[in-house]
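Take a look at the letters that make up each chain.
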Amino acid sequence: MKPRTPKKPRRPPAVPSPYRDLKSLRRQTNLYAPFDFRDYLQTRHQRLKPETVKGIAKYHRMKRPVADPETVALWLAETIFEKTAWP
């Protein structure tokens, strides 16, 4: 029999769950104008730690992830604008 290897403890993801699905976050906030959504994200990102903001940027595949809330908010708003049709 093989010796049992202990399981590694799972690290909690660096991305808070509301930021994983941007479409549902936008639907919940009822903000369909890109600049309104950007402003909303920016104010929320300013309350987060810089590492968390960078984690969000990495999670959504930003080319060069940064910890700047303004840049990440703008980039996320542009990304979701491209992926979905705004009414």
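As shown above, the structure is provided for reference.
Treat the numbers as computed from the prediction; the structure is a model and nothing was measured. (Residues numbered from 1 in each chain as written. Predicted model: local features only at pLDDT ≥ 70, side-chain atom pairs only at ≥ 80, totals over all residues. Heavy atoms only, no water.)

Draft legend 1. View of the nonpolar core. By size, the foremost hydrophobic cluster in this structure holds 15 residues, and its most contacted members are Y19, L25, F37, L41, V72 and L76. Every element with two or more residues in this core is listed here: α1 (22-29), α2 (34-45), α3 (50-59) and α4 (69-83). Sorting elements by how many residues they give to this core places α4 first, with 5 residues. (Core = buried A, V, L, I, M, F, W, Y, C linked by side-chain atoms within 4.5 Å. Buried < 20%, exposed > 50% of the residue type's maximum accessible area, 1.4 Å probe, protein only. Helix = DSSP H or I, 4+ residues; strand = E, 2+ residues; numbered from the N terminus.)

Draft legend 2. Here's a closer look at the side chain of H60. Here H60 is to be found in the loop between α3 and α4. The buried category is assigned to H60, whose relative accessible area is 15%. Here Y19 takes part through its backbone oxygen, which lies 2.6 Å from a polar atom of the side chain of H60. Ignoring sequence-local partners within four residues, the contact set of H60 consists of Y19, R20, L22, W75 and L76. (Polar contact = N/O pair within 3.5 Å; in protein donor to acceptor, adjacent residues only side chain to side chain. Contact = heavy atoms within 4.5 Å.)

Draft legend 3. Spotlight on the packing of aromatic side chains. Counting across every chain of the model gives 1 aromatic pair. Considering the side-chain rings of F37 and Y40, the 6.4 Å spacing of their centres and the 25° angle between planes classify their relative orientation as stacked. Of this pair, F37 and Y40 are both found in helix α2, 3 residues apart, which corresponds to roughly one turn of the helix. (Phe/Tyr/Trp six-rings, centres within 6.5 Å; stacked < 30°, edge-to-face > 60°.)

Draft legend 4. Here's a closer look at the environment of R44. Here R44 shows up in helix α2. If near-sequence neighbours (up to four positions away) are discounted, R44 is found in contact with P18, Y19 and L25.

Draft legend 5. Inspection of the packing of α2 against α4 at higher detail. Two elements in contact, α2 and α4, have axes separated by 8 Å at closest approach and are oriented at 145°. Like other packed secondary-structure pairs, α2 and α4 cross with a definite hand, here right-handed. Together, P34, F37, R38, L41, Q42 and H45 of α2 and P69, E70, V72, A73, L74, L76, A77, I80 and F81 of α4 make up the contact between the two elements. For the contact of α2 with α4, the residue count by class is 11 nonpolar, 2 polar and 2 charged. (Axes fitted to C-alpha atoms, helices over the stretch in contact; angles between N-to-C directions. Left-handed = near helix turned anticlockwise from the far one by under 90°. Nonpolar A, V, L, I, M, F, W, Y, C, P; charged D, E, K, R; others polar.)

Draft legend 6. Structural view of the packing of α1 against α2. Two elements in contact, α1 and α2, have axes separated by 11 Å at closest approach and are oriented at 100°. It follows from the interaxial angle that α1 and α2 lie roughly perpendicular. Residues L22, L25, R26 and T29 of α1 form the contact with α2, whose own contacting residues are F37, Y40, L41 and R44. (Parallel < 35°, antiparallel > 145°, perpendicular 65-115°, else oblique.)

Function-wise, these values are silent; they only describe arrangement.
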